[in-house]
Number of protein chains: 2
Amino acid sequence: MKASVYIATSLDGFIARENGALDWLPGADGGGGNGPAESEDYGYSAFMAAVDAIVMGRHTYEAVLGFGDWPYEKPVVVLSSRQMDLPAILTQSVEAMAGSPQDVFDRLAERGFEHLYIDGGATIQRFLRARLIRRLIVTRVPVLLGSGIPLFGPLDGDIQLRHVETKSFASGMVQSVYDVPA
Amino acid sequence: MKASVYIATSLDGFIARENGALDWLPGADGGGGNGPAESEDYGYSAFMAAVDAIVMGRHTYEAVLGFGDWPYEKPVVVLSSRQMDLPAILTQSVEAMAGSPQDVFDRLAERGFEHLYIDGGATIQRFLRARLIRRLIVTRVPVLLGSGIPLFGPLDGDIQLRHVETKSFASGMVQSVYDVPA
């Protein structure tokens, strides 16, 4: 099983404002989470089609709930050490799971999942620190925010990346794909 | 007159480790400052040829001095509110200047300079906050450091950028050029 990140950030590395706002994202008026909602989807649908399940933290889960319509068809695992009250319509597709990134990874691998989409700032940072992310797809929005929720955080050592490809779009978005050697 | 930034950062946005080390940069074993020193120069020579003067903070100046041979042929302005002892060989090409970014900018414009290279983390941040940077050339090194001296810092509002072009290199470096509308 592998785990990947697909996320948009400002040029200064924020995935949301301090209050969680995504108003600075092109297409922020619709669509799910930190994924664009214009006719150009920046590879989001193709990426989503390639994953089996989405793993996110409670903050990201609550933010997505707040967007209105639940945007995911795939199973979603919410990392949470507390019991969660799930809206009835989501009980089939969303579950809470506690444990370290490695625990969660191993349990999902045992269930036969092959490709996890790791989402949300804190969760991405934890999985990176645990060296469980194999691919990073980072889409840079041409704006400096100055503050917000950072994509990356502290590590216990360098993580060398292998650049796979970079595309730029008419909107000014620049998307780079990196593999993280095991 | 305009002011530009040309700098390399890790994917997580650091221009140096906490202690100033640049060992994570390709070609960090030679060359001046935060500019590469391989046969591929990532547009550094062309950029340098296009600027009249380099503006940097005292920390960056002292770091460059520590590299050994002085790498700049162009005039260098070191932002410092204190008097500096300059090595005799540099007194013709290096001068200390105190004042706000706007003061420094205006004084250098009066002298007939047309294009400033703004270098060093704190100095870049101050000039960005003062809305004096017109072009950003950011070269991403495919590594996550986890900590260090950040390129970007707090702002008093968003800065919208216009993406000009992005190139990727066999080394895995990805260079994006942004204009900052006035």
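See above for the structure.
Scoring rules and cut-offs
Residues numbered from 1 in each chain as written. Chains lettered and ligands numbered in written order. Predicted model: local features only at pLDDT ≥ 70, side-chain atom pairs only at ≥ 80, totals over all residues. Helix = DSSP H or I, 4+ residues; strand = E, 2+ residues; numbered from the N terminus. Rg over C-alpha atoms; globule rule 2.2 N^0.38 Å. Buried ≥ 20, exposed ≤ 12 C-beta atoms within 10 Å, placed from the backbone. Pairing = 2+ DSSP bridges. Axes fitted to C-alpha atoms, helices over the stretch in contact; angles between N-to-C directions. Contact = placed C-beta atoms within 7 Å. Nonpolar A, V, L, I, M, F, W, Y, C, P; charged D, E, K, R; others polar. Least-squares fit on C-alpha atoms with pLDDT ≥ 70 in both.

Along its length, chain A carries four helices and twelve strands. Whereas a compact globule of 182 residues would reach a radius of gyration of roughly 16 Å, chain A reaches 16 Å, a difference of no more than 12%. Taken along its principal axes, the extent of the C-alpha atoms in chain A is 40 × 40 × 30 Å. Across the 182 residues in chain A, those meeting the buried criterion constitute 42%.

Our focus in this paragraph is the sheet that holds strand S7 (residues 135-141) of chain B. Residue and element names in this part refer to chain B. Strand order in the open sheet formed by eight strands is S5-S4-S3-S6-S1-S7-S12-S11, and the pairing between neighbours is mixed. Both edges of this open sheet fall to strand S5 (94-97) and strand S11 (162-168), since each of them pairs with a single strand only. Each neighbouring strand pair of the sheet contributes to a mean axis angle of 20 degrees, computed without reference to strand direction. The strands that helix H2 (residues 58-66) touches are strand S3 (53-57), strand S4 (76-79) and strand S6 (115-119); relative to S3, the one it contacts most, it runs at about 105 degrees. Docked against the sheet, helix H3 (residues 101-110) engages strand S1 (2-10), S3, S4, S5 and S6, running at close to 160 degrees with respect to S4.

The next thing to look at is the interface of chain A and chain B. Tallying the contact residues gives 25 residues for chain A and 25 residues for chain B. Breaking the side of chain A that touches chain B down by element, the ones donating at least two residues are strand S8 (143-144), strand S10 (159-160), strand S11 (162-168) and strand S12 (174-179) of chain A. For the side of chain A that touches chain B, the leading source of residues is S11 of chain A, giving four residues. Taken together, the residues of the side of chain A that touches chain B break down into 13 nonpolar, nine polar and three charged. Here S8 of chain A runs beside strand S10 (residues 159-160) of chain B; their pairing, made up of two bridges, is antiparallel. Counterpart to Leu144 of chain A in the pairing with S10 of chain B is Ile159 of chain B.

With an RMSD of 0.0 Å, the operation that places chain A on chain B is a rotation of 180 degrees combined with a shift of 0.0 Å along the axis. Those values place the two copies in the arrangement expected of a two-fold rotation axis. Minimal C-alpha distance to the rotation axis in chain A is attained by Gly13 of chain A, lying at 3.5 Å. Here 100% of the interface residues in chain A have copies in chain B that are interface residues too; the copies meet face to matching face.

Here the focus is the pairing of S7 of chain B. All names here are of chain B. Along S7, six of the seven residues are buried, which leaves the element largely enclosed by surrounding structure. Where S1 lies against S7, seven bridges are found, and the strand directions are parallel. Counterpart to Val5 in the pairing with S7 is Leu136. When S7 meets strand S12 (residues 174-179), the two strands line up antiparallel, connected through six bridges.

Here the focus is unusual backbone geometry. In the Ramachandran plot, Arg131 of chain A falls in the positive-phi region, its phi being about 60 degrees despite a non-glycine side chain. Following the sequence through the fold, Arg131 of chain A ends up in the loop between helix H4 (121-129) and strand S7 (135-141). With phi around 55 degrees, Tyr42 of chain B is a residue other than glycine that occupies positive phi space. With respect to the helices and strands, the residue Tyr42 of chain B is situated in the loop between strand S2 (14-16) and helix H1 (44-50).

Take H4 of chain A next. For H4 of chain A, the complete set of buried residues consists of Gly121, Thr123, Ile124, Gln125, Phe127 and Leu128 of chain A. A positive backbone phi angle near 60 degrees is found at Arg131 of chain A, which sits one or two residues after H4 of chain A.

A few words on the environment of Asp106 of chain A. Among the secondary structure elements, Asp106 of chain A is positioned in helix H3 (residues 101-110). Note: C-alpha distance between Asp106 of chain A and Trp24 of chain A (82 residues apart in sequence) is 36 Å.

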